[in-house]
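Understanding the architecture of this molecule
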Amino acid sequence: MAHLRPVLLILGTLLATLGSAMMIPALYDLAVGNDDWIVFAASTAITLFSGVALVLANRSPAGGLTIRQAFLLTTLAWVVLTAFAAIPLTWSSLNVSYTDAFFEAMSGITTTGSTVLSGLDKMPPGILLWRGLLQWLGGLGIIVMAIAVLPMLQVGGMQLFRVEAFETAGKIMPRATQISAWLVLLYIGFTVLCALSYMAAGMGAFDAVVHAMTTLATGGYSTHDASLGFYDSTLIEIIAILFMCIGSLPFLLYVRAIDRGLGAVFGNAQVRWFFALAASFTVLAWLSQSGGGYKVGWLELRDAAFNTVSLMTGTGFTTVDYGGWGPFAATLFFFVMFVGGCAGSTSCGIKVFRFQ
């Protein structure tokens, strides 16, 4: 069993982190007088106990991760974390089955954004916050996986990204721990900036925090059934577009930008391709609205830009029913969903560098 100890140690650390995160919705529910705080507190105790037990039992791992161990860790991390993340959803006042809760948690932690829940506008705040936290943690996890684990497994082009990434960061900060620390700080900083921007645009504080987490993670969970269309605000949609794009660019380029300025980001070929594709798809979607009997004006351009970026980045926020724009728009958006963002981002999809 010695070869499993590094895997179990990391799993324990991840579980302890997840258990600590459960305290946030517990404290919020307690503050607003919602009884679900007990559910989150109990889930915290179970998850923390399991995580700390794994860490203590495997705190002297035998060597680093091998390729086989990295494959095992990659698979187990998603499944095990989801299994524990589903507990508060099952025990809450939602009265959903564990199967539905597992689906919701897996969709959240992988930033997929599919949901089996409805009636979000009247849902307990702790549950809404937990869904947002799952996507936020999952978005950060995807970045770490892309930088640390997938290159080790030589998964489809990620080896090339790792070489570029570590050469980039190595010129600024020589140690991987420093790189990781900067990535976390940047991720938190962008999230805070997004939340403040949403609040300045008229969104309530709670909604702003949840939407900021799911926007930067390009996950798309919302606190309303109508998604961001609930606000019908041009400014909110512009902010969402900006931070969906930020979440879809390589985060290690932001580390490089600390030393070299924004030219390090926009001078990257993959980033230029990303924006060129997004702009091209937006124009096509804008013009395609005439096929559904819509006029092609500035309001329609806003709708085209928001929904194109949302679909291309895999976020999934919606504002209008673009199904009525005609068959060309429906076909275009079907293919746009496969593109995704850049390597080393929170976005999903095939990734732009593969199209390059």
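Everything that follows concerns the structure shown earlier in this document.
Report on the accompanying structure. Throughout this document, residue positions are counted from 1 along each chain, in the order its sequence is written. A pLDDT threshold of at least 70 governs which residues receive local features in this predicted model, and a stricter bar of 80 or more applies before side-chain atom pairs are shown or counted, although totals over entire chains, interfaces and linings include all residues. Computation of side-chain values covers all heavy atoms of the structure but excludes hydrogens and water.

**Remarks on the packing of aromatic side chains**
Any pair of Phe, Tyr and Trp rings, taking the six-membered ring for Trp, is counted once the centres come within 6.5 Å. Such a pair is stacked with planes under 30 degrees apart, edge-to-face with planes over 60 apart, and tilted for the rest. The tally for this structure, following the rule as stated, stands at 16 aromatic pairs. Here Phe 40 and Trp 130 contribute two aromatic rings whose centre-to-centre distance is 6.2 Å and whose plane-to-plane angle is 70°, an arrangement assigned as edge-to-face. With Phe 40 in helix H2 (residues 37–57) and Trp 130 in helix H6 (residues 125–153), this pair connects stretches of sequence that are 90 residues apart. Like Trp 130, Phe 40 is buried. Arranged with centres 5.3 Å apart and planes meeting at 75°, the rings of Phe 334 and Phe 338 form a pair that is edge-to-face. Put simply, DSSP marks the helices as runs of H or I at least four residues long and the strands as runs of E at least two long, and each gets a number from the N terminus on. Using a 1.4 Å probe on the protein chains alone, a residue whose accessible area is under 20% of its type maximum counts as buried, one over 50% counts as exposed, and one in between counts as partly exposed.

**What about the packing of helix H13 (residues 269–288) against helix H14 (residues 298–312)?**
For helices, the axis comes from a line fit to the C-alpha atoms of the stretch in contact; other axes are also lines fit to C-alpha atoms, and the angle between any two N-to-C directions lies between 0 and 180 degrees. Direction vectors running N to C along H13 and H14 enclose 135°, while the axes themselves pass 8 Å from each other. Regarding the angle of H13 to H14, the classification is oblique. For the pair H13 and H14, the crossing hand works out as right-handed. In this structure, H13 uses Phe 274, Leu 277, Ala 278, Phe 281, Thr 282, Ala 285 and Trp 286 to contact H14, whose residues at the interface are Glu 300, Leu 301, Ala 304, Ala 305, Thr 308 and Met 312. Amino acid classes used here: Ala, Val, Leu, Ile, Met, Phe, Trp, Tyr, Cys and Pro are nonpolar; Asp, Glu, Lys and Arg are charged; the rest, including Gly, are polar. Class assignment for the residues of the contact of H13 with H14 results in 10 nonpolar, 2 polar and 1 charged. For this classification, under 35 degrees means roughly parallel, over 145 means roughly antiparallel, 65 to 115 means roughly perpendicular, and everything else is oblique. Two helices that cross are described as forming a left-handed crossing if the nearer one is turned anticlockwise from the farther one by less than a right angle, and a right-handed crossing if clockwise. The contact definition used throughout considers only heavy atoms, calling two residues in contact when any of these lie within 4.5 Å.

**Some points on a nonpolar patch on the surface**
A contiguous nonpolar patch, built from Trp 273, Phe 334, Phe 335, Met 337, Phe 338, Ile 350 and Phe 355 and spanning about 700 Å² of accessible area, is present on the exposed surface. The leading source of residues in the nonpolar patch is helix H15 (residues 327–339), at 4 residues. Checked against the element boundaries, Phe 338 lands in helix H15. Among the residues examined, Phe 338 registers a relative accessible area of 41% and is labelled partly exposed. Two distance rules govern patches: like charges are joined within 9 Å, and nonpolar side chains (Val, Leu, Ile, Met, Phe, Trp, Tyr) within 5 Å, applied only to residues with over 30% relative accessible area and no salt bridge. Only the protein chains shown count as cover for residues, and the accessible areas themselves come from Shrake-Rupley with a 1.4 Å probe. We count a salt bridge whenever a side-chain nitrogen from Lys or Arg sits within 4 Å of a carboxyl oxygen from Asp or Glu.

**Details of the nonpolar core**
In plain words, nonpolar cores are sets of buried Ala, Val, Leu, Ile, Met, Phe, Trp, Tyr and Cys residues tied together by side-chain atoms within 4.5 Å. Counting residues in hydrophobic clusters, the biggest one holds 82 residues, and the most contacted among them are Leu 18, Trp 130, Tyr 187, Tyr 198, Leu 228 and Tyr 254. Looking at this core element by element, the count peaks at 9 residues for H6. Sequence-distant contacts of Trp 130, defined by excluding residues within four places in its chain, comprise Leu 18, Ala 21, Met 22, Pro 25, Phe 40, Ala 85, Pro 88 and Leu 89.

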